[in-house]
Amino acid sequence: MNSYRDIKHATAEVVGVRLVRKTSTARAHEAIRDLIVANPTHSYQQLADLLGCSRWLVYKVAVEFGVRRPRGAGSPARRKEEQ
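Just so it is clear, the structure is predicted and the values come from calculations on it, not from any experiment. (Residues numbered from 1 in each chain as written. Predicted model: local features only at pLDDT ≥ 70, side-chain atom pairs only at ≥ 80, totals over all residues. Heavy atoms only, no water.)

1. Things to note about the nonpolar core
- Residues Tyr4, Ile32, Ile36, Tyr44, Cys53, Leu57 and Val58 are the most contacted members of the largest nonpolar core, which totals 15 residues.
- Secondary structure elements with two or more residues in this core: helix 1 (4-10), helix 2 (25-38), helix 3 (44-51) and helix 4 (55-65).
- Not counting the four nearest positions on each side in its chain, Ile32 is found in contact with Tyr4, Leu51, Leu57, Val58 and Val61. (Core = buried A, V, L, I, M, F, W, Y, C linked by side-chain atoms within 4.5 Å. Buried < 20%, exposed > 50% of the residue type's maximum accessible area, 1.4 Å probe, protein only. Helix = DSSP H or I, 4+ residues; strand = E, 2+ residues; numbered from the N terminus. Contact = heavy atoms within 4.5 Å.)

The following block contains the structure:
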């Protein structure tokens, strides 16, 4: 699953007697949160490009779950790999 639309469809559930699929924004946001936590060296823009959504959505999900990262030159996304 590499796009936001795919995540929402994958987390959908069948509702009621008729076959109706209800997409779950909350579950999609949880999947984005897990991606943010799993990739501390990626910027929000890189994660957004990976998911096919906006950087703003990735930022809002990070704020929603309290998983924001440090900003500035000392942040993991901006550190150069030491060799």
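2. Details of the side chain of His29
- Looking at where His29 falls in the secondary structure, it is placed in helix 2.
- The class of His29 is buried, set by a relative accessible area of 13%.
- For His29, the residues in contact, after removing those within four places along its chain, are Tyr4, Leu57, Val61, Glu64 and Phe65.

Function-wise, these values are silent; they only describe arrangement.
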